[in-house]
Amino acid sequence: MYTENLDQYILIRPAETKKCNSLKIVTGYTDIECITRHLIALSEIDGLGKVFVEMILGMTSNKGLTEKKHKDILNLISRISKNKDMPHFSCRYKFKGDDIHSKVYVWCKDEKPAFAFCGSANYSMNAFHKRREAMEDCDATEALDYYNSLLCDTISCDDRTLVSKLHFSKSCEKSAETDEFNIENLSWEMFAGETPIDECVVSLLTANGESTGFGSGLNWGIRKDGTKREHDQAYIPYNAKDKKEGFFPLKKNSCDKNNPIFKVVPNGFAPFFMRIAQQGNKGIHTAENNSLLGQFFRKKLCVPSGTFITKEMLENYGKTYVVFRKYSEDLFTLEF
């Protein structure tokens, strides 16, 4: 029986140590933060290749599936589908028959069932990180058969015709299985009047302050040599003069591949995950899709997607810098 480190035993190790490349999940509830953190972690496993995560969400009544959560799931799928390094994620909702409250995780290797677990843990942050849950090994073939037996009572989350017939919760409250600081519940307005632990001003210009850069910074995706990249790809330069020791989370062990991710709530845009990246920790970028940051800045500047951002554009906007405010070790706001 597994009662500790469930995220590692259930969600990561079969892929990391056994190179399983497909995970099928049956869960009563879920949340965007759990899904996103998990997909980012899977994308960082060396030598694994493309991973497929397929989820059946079984408790679609009441606050199990609000209209906001449905839209958040669609937005998440859209974001990660534009990053070839992220796993493929799909979601189906219970549409017919009784609610599905079971929690089953089936790992496959090249479509053959290899490992499976069942127990009390929903595919959620609360279940895997905050509550006491218990999971057990179970027969992988039987678990896969169970997953497949449910498919006929489900619909794809992007089937607009059938999804429109679901009875979404009309409640404005946060959905089931999440807390106030889950990324799907965060908004800029939540932090109005709140006092941060600390703040850090970071320039959007090159180290010499002369430009925004070409093929770097806010224009990371736009290359002089014509290299084909998504033009909205961007990062915030984190030059030596702006660095504040201990402000952003950094890896604690030298053997870790990447720095930890942290939640960022920008003004006028949906929250996203970021991390300190690049050699010498000289960049800050969005972890699930590095075009999100470029889309944020271009939206604020009122210029089309993919536009080359100049120093003059920032000056006309009134800011050549951003302000990060820290509220916990993994929660920040971003003002531009």
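Summarised in this report is the structure supplied together with it. Predicted, not measured: the structure shown is a model, and the values here were computed from it.

1. Quick notes on the overall build of the chain
Step number 1: When you go through the chain residue by residue, the secondary structure sums to eight helices and 14 strands.
Step number 2: Relative to a compact globule of 336 residues, whose C-alpha radius of gyration would be 20 Å, the chain shows 21 Å and is just as compact.
Step number 3: Its C-alpha atoms put the chain at 65 × 45 × 40 Å along the principal axes.
Step number 4: Taking all 336 residues of the chain together, 50% fall into the buried category.
Step number 5: At a minimum sequence separation of 6, the contacts of the chain that also span at least 24 residues come to 71%.
Step number 6: As displayed, the chain has an accessible area near 16,200 Å², and 48% of this comes from carbon and sulfur atoms.
Step number 7: Mean positive and mean negative side-chain charge positions of the chain (46 and 46 charges, respectively) differ by 4 Å.

2. As for the sheet that holds strand β8 (residues 198-203)
Sheet strands associate in pairs through backbone hydrogen bonding, adopting either a parallel or an antiparallel arrangement.
Step number 1: Strands sit in the order β8-β13-β14-β10-β11-β12-β9 across an open sheet of seven strands; the sheet is mixed. The sheet is open, and its two edges are formed by β8 and β9 (236-237), each paired on a single side.
Step number 2: Strand contacts of helix α2 (residues 32-43): β10 (262-266) and β11 (272-277), with the helix running at about 30° to β11, the strand carrying the most contacts.

3. Remarks on the packing of aromatic side chains
Step number 1: With the rule as written, the count across this model stands at 19 aromatic pairs.
Step number 2: Judged by centre distance (5.2 Å) and plane angle (85°), the rings of Trp220 and Tyr235 are edge-to-face. Placement of the pair is Trp220 in the loop between β8 and β9 and Tyr235 in the loop between β8 and β9, with a sequence separation of 15 residues. The same class applies to Trp220 and to Tyr235, which are both buried.
Step number 3: Aromatic pair Tyr238 and Phe248: ring centres 5.4 Å apart, planes at 80°, arrangement edge-to-face. Remark: Phe248 occurs in the loop between β9 and β10 and Tyr238 occurs in the loop between β9 and β10; sequence separation between them is 10 residues. The two residues Tyr238 and Phe248 agree in class, both being buried.

4. Quick word on the pairing of strand β14 (residues 331-335)
Step number 1: When you tally the buried positions in β14, you get four out of five residues, the bulk of the element.
Step number 2: Bridge analysis of β10 against β14 gives four bridges, and the strand direction is parallel. The residue bridging Lys263 from the neighbouring strand is Leu331, located in β14.
Step number 3: Direction of pairing for strand β13 (residues 321-328) relative to β14: antiparallel, over a ladder of five bridges. Directly across from Arg325, in β14, lies its bridge partner Thr333.
Step number 4: Where β13 folds back on β14, the antiparallel hairpin that results is connected by two residues.

5. Some words on the side chain of Arg275
Step number 1: By the element assignment, Arg275 lies in strand β11.
Step number 2: Residue class for Arg275 comes out buried when judged on its relative accessible area of 8%.
Step number 3: A polar contact of 2.7 Å, which involves the side chain of Arg275, links it to the side chain of Glu44.
Step number 4: Excluding residues that lie within four positions of it along the chain, Arg275 makes contacts with Ile40, Glu44, Asn258, Asn259, Pro260, Ile261, Phe262, Gly283, Ile284, His285 and Ala287.

Cut-offs and rules
- Residues numbered from 1 in each chain as written.
- Predicted model: local features only at pLDDT ≥ 70, side-chain atom pairs only at ≥ 80, totals over all residues.
- Heavy atoms only, no water.
- Helix = DSSP H or I, 4+ residues; strand = E, 2+ residues; numbered from the N terminus.
- Rg over C-alpha atoms; globule rule 2.2 N^0.38 Å.
- Buried < 20%, exposed > 50% of the residue type's maximum accessible area, 1.4 Å probe, protein only.
- Contact = heavy atoms within 4.5 Å.
- Areas by Shrake-Rupley, 256 points an atom, 1.4 Å probe, with all protein chains shown as cover.
- Lys, Arg positive; Asp, Glu negative; His and termini not counted.
- Charge placed at Lys NZ, Arg CZ, Asp CG, Glu CD.
- Pairing = 2+ DSSP bridges.
- Axes fitted to C-alpha atoms, helices over the stretch in contact; angles between N-to-C directions.
- Phe/Tyr/Trp six-rings, centres within 6.5 Å; stacked < 30°, edge-to-face > 60°.
- Polar contact = N/O pair within 3.5 Å; in protein donor to acceptor, adjacent residues only side chain to side chain.

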